[in-house]
Every structure is written in C-alpha cells, then in structure tokens.
Amino acid sequence: MTSPADKANHLKVKTELVRRTFNYPETENVIQDYSCALNKVTLGKMYITENFLSFIASIGSTTETIPLRKILEMKKDSTLFVNNAITFKTAEQLVSFGTFSHRDEAFTLIYHLWKCPPFIYNPNSVDKDLDEKNLFRGAGQQQQKQLSSRVDTQSTKLALKLATETKETGIATLNELSYQAEIIDGIEAKMDNIHANLDRSDRLLKGIESVGGALSNHFSKDTTNGARKEFAPLDRSLQVRPRDEPPIEIDILEKLANDSLIPGFVQIHNDRFIILDANRKTRSEIISTYTFDSVEYLVIRARPQHMDVRFFNNKYPRFRLASSYIQNVVNEIVLRSNGKYGKAPQVIFEPGIKEFVYGNPTIRFIPSSGRSQQSSLFTRASTLGTSHFIKDASDDIKDALIEQDKDLDEISDLLGDISNIARTIGDEAELYINNNNNNNNNNNNNNNNNNNNNNNNNNNNNNNNNNNNNNNNNNNNNNNNNNNNNNNNNNNNNKIIIIINNNNICIIT
C-alpha cells in the first residue's frame, strides 16, 4: 500500500507540471487526473485543480485550459455511441473530452468544484504574489480610495445598544412572570383551603339536619378534618435554556469503497453529524449517523479537498469524503465537539498538504453551500488570495474593523440569548394555559361533586321527613284505633241483654 508521503510526492510532481505548463499560481493544486481525449481525438490527460480544467496531450504539445468560473454549462456526452464523454460550454467555445475511463466520477468531481468554489480562510495570511500596483492605480486613485474608506462603527454600536435593551426587556419580562406565578400559587393555595372549609361545612350540616346524616358521618371516615396545609411557595425562577447552534448542511462528495464519488450533504448537529444523499435523505443501506464522541481522528488527506473520519477502536469503517469546504466541515465538528463534550477529535494533516485554521467561529461566516444556494453577495472565490485592502488600510481603520468585529460577535450572542428568552416565555405561557385548563376541569368536577352531595342530602332530608310523616300518621292511626277499641269496649259495656225463658223476662245490664 502506498504511504501518504509517496502519494503526496506523486501529486506534487503532477502539480508542478501543471503550474509550469499553464503558469498557474501556487494556490492551484492537482486534485485528480483522468485519461481522456480532447475533442474526442487528441489523447492525453485532464488535470483538475481548484479553479481550472487543464489538458496536456500525451504526444505533441497540445494543451487546453478552461477556468471553472467561465463554464456556463456542462453535460455528459457520448463518443461513437459510448457514454464516455463530457462537454463544456463557455462564452467563447464548446469543448468536449471523450474516452474517459471514469467518466461519471470525473463529471461528479468537476460539477462539485464548479458549483462549490473551493475556499480556505486564513485570517493571518496575505497573498504576497499579488502585484499591489494593479490594486490601486495612481496616487490620486490611492488617495481617493483611502478617503472613501471609513468603517461605520456607529451603526454597529447602535445595533448593539438595541440588542442589549431588548435582552434586558426580556429578562425583566421573565422576572415579572416569575412574580406573577408566585402570586397565582398563593391564590390557588387559598382556593384549596376554601374548598376544604366548604367540604367540612357540608359534612357538619349533614350531621345536624338529620339522624341519618349524623349516623352516616359517624360511620364514615372524616376526610375533611385534616390539618390545613401550610402554603409553601414554589421556586418559580425561570431558567433560560442553553442556546443550541442550529444544524448546518455542507455540500460533500461521499467516496465509496471503489473510490467512486457520489454527491450528498453532511448535516452537522451539536452532538452528531448525519450523511445525506443528494435529495437530503439518509441512505438505508449504510450507517448515516455518527456521534462526535465516537470520532477519534479527522485526517486531512494529501489529495486536496479530501478527508477521512476515523473512529475509536474501528467502531465504524472510516468515512471518506471530498468537498470544497473541508475547512468548514472540520471547523464545525471541532467547535461543536468542544461545546458538547469539552474535547474534540484530533486533526491530522498528511504530508504535503497545507494546514488550515479550524476551531474558529469566524469561519462560520464563509459560504459552505453551492452557488445555487448562495445569495448574490457571494460569487466564485478569487484565486488571488486575501484582499490587500486591510493590509493597505490605516491603523485607525484596522482598529475600527477589529472593534466592529467584536461588536458583531456580541450582537450575535445577544440575538441568540433573546431568541432563547422568547422561547422560555412561550413555554411558560403554554404551561400556564395548560394548568389553567386542568384547574377549570378540577373545579367543574368539584362543583359536580358538591351538587351531587347537596342533592343526596336533600333526598335524605326528604326521605327523613317522609319517614317522620309516616311515623306520625302511623302513630295517629294507632291512637285512633286504640280509641276506637276503647269506645267499642265502652259501648259494649253499656249494652242491655234481654233473655226470655219460660215466660220469664230477665234483663242484664
């Protein structure tokens, strides 16, 4: 197996050949090369760099170069009914390359570089190869540029002030919500005591109004005679949830086991990254979700724009990818791993590859999606390096820019805090509404229970009254019957019996 150092030397030879042949700057590096035929006739090799397609014939001195930024359209084509060609259209010409041995792989890589211009951000580097004379022509133009160069720090300060006031208003709202919640808790506690007293009163009235009620109270457990609970205020301080960085999607090319490339995206969350296909869907046939704590190394390969993700104890097979935004991928994984676990995977640069900055929040402002998803503010990255405007600016302007950057960072943090405060207020309001609905339902149930108890008490009272009336009636009837019997006895006692026997008359009183 070829070592990383041997691969780096092999690529270095090709890169030097292309730079020498086409007079490219040192920023151009050969990413991949493919055997093909220019205009489907002249055999040779196509060398793909960050910003150019370069063809060198195998025999003869034929060459061809196409800047990626000048390509208007590219499509897969055929040669003698064989699908092995690619055609490129620019404003000046139509160029076709045929007899590719890996046509689809080459097309995928070129299309990615065309759609996603590679860019590496280095805040401390300046391209020294740029001729400063071409930047500002003439002393008058230099002076005019210097006079027109002003940094508007006042607007940034005003925005920072407004953001601070908004955050303070949000905090005051949270404190007021906490205070109101404590008052509501006290009211609810008093309402509970009122309901308990009402239940106690109902029980006492039930025992007073009837013998049956008294007996019922005597033989049933008194649940209303418990000691009144002391009001214990709850901790109503609202905690603002920690701010979570939103997931970010970055264009990549997934490199398969057979070295072919397929387009897709890496979706990076706070604790994991997910591999998506070109339709932003996970692929069921492979592992697509990896947590940061399982990643041991991020290996930046000697081949430009390529990297490997390697896992602890070979938990998963290494994940290989190519992307114009390697720096963005590494930067996000390192930042989010440090934020989640307090540590990040180790970043290793293979021999021959230039190291870049990572773990820097500023890199997040660099575009990390294709030109079709970028706004008009972002165009293809210049191959000339970092602008010399900052280098040529006065110390006042440099200091103002540094101050403005700090203010913008603080504004960004404030906006994140304001968003979390708003979410916390919304959650508290929703919780209050749900609790209020539950309390209303409980009150309705209590009212229904009280009504039922009252109805039962009334029914018992009516039954008792009816029983009393029946008893009285029975007693009256019994008394009447006794009186009738007595009267009958008295009447019987007053009767005269006449007995006639043998012409004799006997009267018995």
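Going by the structure above, here's the rest.
Owing to the predicted nature of the structure, the values given are computational and were not obtained by experimental measurement.

(A) Inspection of helix H4 (residues 153-209) at higher detail. Between its first and last C-alpha atoms H4 spans 83 Å; for 57 residues at 1.5 Å apiece the expected length is 84 Å, and the two agree. Among the residues of H4, Thr153, Thr156, Leu160, Ala163, Gly170, Leu174, Ser178, Ala181, Asp185, Gly186, Ala189 and Arg203 are the ones counted as buried.

(B) Structural detail: the environment of Val266. Position of Val266 relative to the elements: it lies in strand E9 (residues 261-268). Excluding anything up to four places from it in sequence, Val266 contacts Ile248, Glu249, Ile250, Ile252, Phe273, Ile274, Ile275 and Val329.

(C) Layout of helix H2 (residues 103-115). For H2, with 13 residues, the first-to-last C-alpha span of 18 Å sits near the 18 Å given by 1.5 Å per residue. Across the 13 residues of H2, 11 count as buried, placing the element largely inside the fold.

(D) Looking closely at unusual backbone geometry. Of note in the backbone geometry, Asp259 takes a positive phi value of approximately 70° without being a glycine. As for its position among the elements, Asp259 is in the loop between strand E8 (248-255) and E9. In this model, Gln305 sits at a positive phi of 65°, which is unusual for a non-glycine residue. Along the chain, the position of Gln305 falls in the loop between strand E12 (295-300) and strand E13 (306-311).

(E) View of the pairing of strand E10 (residues 272-277). One ladder, built from five bridges, connects E9 with E10; its direction is antiparallel. Its bridge partner lying in E10, Ile268 is registered against Phe273. Where E9 folds back onto E10 in an antiparallel hairpin, the turn is made up of three residues. Sheet topology places E10 next to strand E11 (residues 289-291); three bridges connect them, and they run antiparallel. In the sheet register, Arg272 faces E11, and the bridge partner there is Thr291.

(F) The arrangement of the environment of Leu298 in detail. If you trace the backbone, Leu298 turns up in strand E12. A residue is classified by how much of its surface remains accessible, and Leu298, at 0% relative accessible area, is buried. The spatial distance from the C-alpha of Leu298 to the C-alpha of Phe349 is 8.5 Å, given a sequence separation of 51 residues.

(G) Fine view of the pattern of salt bridges. Inspection of every chain in the model, using the stated rule, returns 15 salt bridges. Among the salt bridges present, the one from Asp33 reaches Lys45, with a minimum N-O distance of 3.4 Å. Taken as a pair, Asp33 in strand E1 (residues 32-38) and Lys45 in strand E2 (residues 42-48) lie far apart in primary sequence, 12 residues in all. Relative accessible area serves as the criterion here: at 11%, Asp33 is assigned to the buried category. Of the residues examined, Lys45 reaches a relative accessible area of 30% and is grouped as partly exposed. Of the charged contacts, one joins Asp308 and Arg318 as a salt bridge, the two residues approaching to 2.8 Å between their closest N and O atoms. One end of the pair, Asp308, is in strand E13; the other, Arg318, is in the loop between E13 and strand E14 (319-322), and 10 residues separate them in sequence. A relative accessible area of 2% places Asp308 in the buried class. Salt bridges sharing common partners tie together Arg301, Asp308, Arg310, Arg318 and Glu350.

Conventions adopted
Residues numbered from 1 in each chain as written. Predicted model: local features only at pLDDT ≥ 70, side-chain atom pairs only at ≥ 80, totals over all residues. Heavy atoms only, no water. Helix = DSSP H or I, 4+ residues; strand = E, 2+ residues; numbered from the N terminus. Expected span 1.5 Å × (residues − 1). Buried < 20%, exposed > 50% of the residue type's maximum accessible area, 1.4 Å probe, protein only. Contact = heavy atoms within 4.5 Å. Pairing = 2+ DSSP bridges. Salt bridge = Lys/Arg side-chain N within 4 Å of Asp/Glu carboxyl O.

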